[in-house]
Amino acid sequence: MNQDDLDRLALDAAYIQALKSKNEGGIPIGSALVDPAGFVVAAGHNLRVQQGDPTAHAETATIRAAGRRRDWHTLTLASTLSPCAMCSGTAILHRIPRVVIGENRTFQGREDWLKAEGVAVRVMNDPRCEALMRAFIAERPDLWDEDIGVPPKG
């Protein structure tokens, strides 16, 4: 499987997770981990609303679902949205060498940190991912601000 196919497969798996979160009433961000052969090792979505856990972002949920492993250095992490500092740090901690991002126009995470640590970052500018986030932010700006740590207005 070539790199383009692997990246697309990983992002497609993440997008399915984002839709799952949306359908559960949560924040529509999804993530997936794939191995070099294209096998989806783990997938997850943002569970902050569903579990009341502020650390349950899509990428951390996915890494938790992957369990204990020794092959992190061979995996690709995909996320429908640019990973925040916490999720970027988790990828760096586990030495995940490649991160595929659906879009970074609605939110710019810590791609700079990932790159500074030698992680290969690919932004796909996927219109599905961007449309999903734009619709969510327009419908639930309060929940979005809560997710990214913006203080209440007032």
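As shown above, the structure is provided for reference.
Below you will find a few notes about this structure.

Cut-offs and rules
Residues numbered from 1 in each chain as written. Predicted model: local features only at pLDDT ≥ 70, side-chain atom pairs only at ≥ 80, totals over all residues. Heavy atoms only, no water. Helix = DSSP H or I, 4+ residues; strand = E, 2+ residues; numbered from the N terminus. Contact = heavy atoms within 4.5 Å. Buried < 20%, exposed > 50% of the residue type's maximum accessible area, 1.4 Å probe, protein only. Pairing = 2+ DSSP bridges. Right-handed = clockwise from strand over helix to strand, strands pointing away. Salt bridge = Lys/Arg side-chain N within 4 Å of Asp/Glu carboxyl O.

1. A few points about the environment of Q17
- Within the fold, Q17 resides in helix α1 (residues 3–23).
- Along the primary structure Q17 and I29 are separated by twelve residues, whereas in three dimensions their C-alpha atoms are 7.2 Å apart.
- Not counting the four nearest positions on each side in its chain, Q17 is found in contact with G30, S31, A43, G44 and H45.

2. What about the pairing of strand β4 (residues 98–103)?
- Along β4, six of the six residues are buried, which leaves the element largely enclosed by surrounding structure.
- Note that strand β3 (residues 76–81) and β4 share five bridges and pair parallel. Looking at the pairing, S79 lines up with I101 of β4.
- Of the crossover connections in this fold, the one passing from β3 over helix α4 (residues 85–93) to the parallel β4 is right-handed.
- Relative to strand β5 (residues 120–123), β4 is paired through four bridges, and the arrangement is parallel. Considered in β5, the bridge of V99 is made with V121.
- At this point the chain moves from β4, through helix α5 (residues 111–116), to the parallel β5, and the crossover so formed is right-handed.

3. Re the pattern of salt bridges
- Taken as a whole, this structure holds 14 salt bridges when the rule is applied.
- Residues R48 and E146 are paired through a salt bridge, measuring 3.2 Å at the closest nitrogen-oxygen approach. Pair noted here: R48 is in helix α2 (residues 48–51) and E146 is in helix α7 (residues 141–148), with a separation of 98 residues, a long-range link.
- Here R48 falls in the buried class, since its relative accessible area comes to 7%.
- For R110, the salt bridge is made with D112, and the minimal N-O distance between the two is 2.9 Å.
- Within the structure, one salt-bridge network assembled from shared partners comprises D4, D7, R98 and R122.

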